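Here's the letter readout for the chains.
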Amino acid sequence: MSPPSAGLIETLLFVWGGITVLLIGLIIYRGLVGMKEEDQLFLDAAEEHMQREQEEIVARVTRVAPFITVLSYLSGGMILLILALWLWRQVSEF
């Protein structure tokens, strides 16, 4: 079996870069949305709208969390695959 070509590794690096950019963008989005999240709210009846705002923020952060997890595993797996292919190529050249 022949070693992987440089073009395959470059293509995988390009795809990995795109996935990693998406991951970083989602992490930044989660951080920006989560800035307004409060740990505790002490509200009276007149401030009920603040509770709804906090629930919306929590819902947004919760909605993004599974995508961040999947992209993290995908990015990590791809960089390990790229490293393995590169090492295989280097070893097979000897």
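Residues numbered from 1 in each chain as written. Predicted model: local features only at pLDDT ≥ 70, side-chain atom pairs only at ≥ 80, totals over all residues. Heavy atoms only, no water.

Some remarks on the nonpolar core
Of all hydrophobic cores here, the largest spans ten residues; its members are Ile9, Leu12, Ile19, Leu23, Val64, Ile68, Leu71, Met78, Ile82 and Leu85. Mapped by element, the contributors of at least two residues to this core are α1 (6-34) and α2 (48-92). Setting aside anything within four residues of it in sequence, one finds Ile19 in contact with Leu71, Leu74, Ser75 and Met78. (Core = buried A, V, L, I, M, F, W, Y, C linked by side-chain atoms within 4.5 Å. Buried < 20%, exposed > 50% of the residue type's maximum accessible area, 1.4 Å probe, protein only. Helix = DSSP H or I, 4+ residues; strand = E, 2+ residues; numbered from the N terminus. Contact = heavy atoms within 4.5 Å.)

So, a nonpolar patch on the surface
Residues Leu13, Ile79, Leu80, Leu83, Trp86 and Leu87 make up a contiguous nonpolar surface patch of about 550 Å² in total accessible area. When residues of the nonpolar patch are assigned to their parent elements, the largest contribution, five residues, is made by α2. Positionally, Leu80 belongs in helix α2. Relative accessible area serves as the criterion here: at 57%, Leu80 is assigned to the exposed category. (Patch = residues over 30% accessible without salt bridge, like charges linked within 9 Å, V, L, I, M, F, W, Y side chains within 5 Å. Areas by Shrake-Rupley, 256 points an atom, 1.4 Å probe, with all protein chains shown as cover. Salt bridge = Lys/Arg side-chain N within 4 Å of Asp/Glu carboxyl O.)

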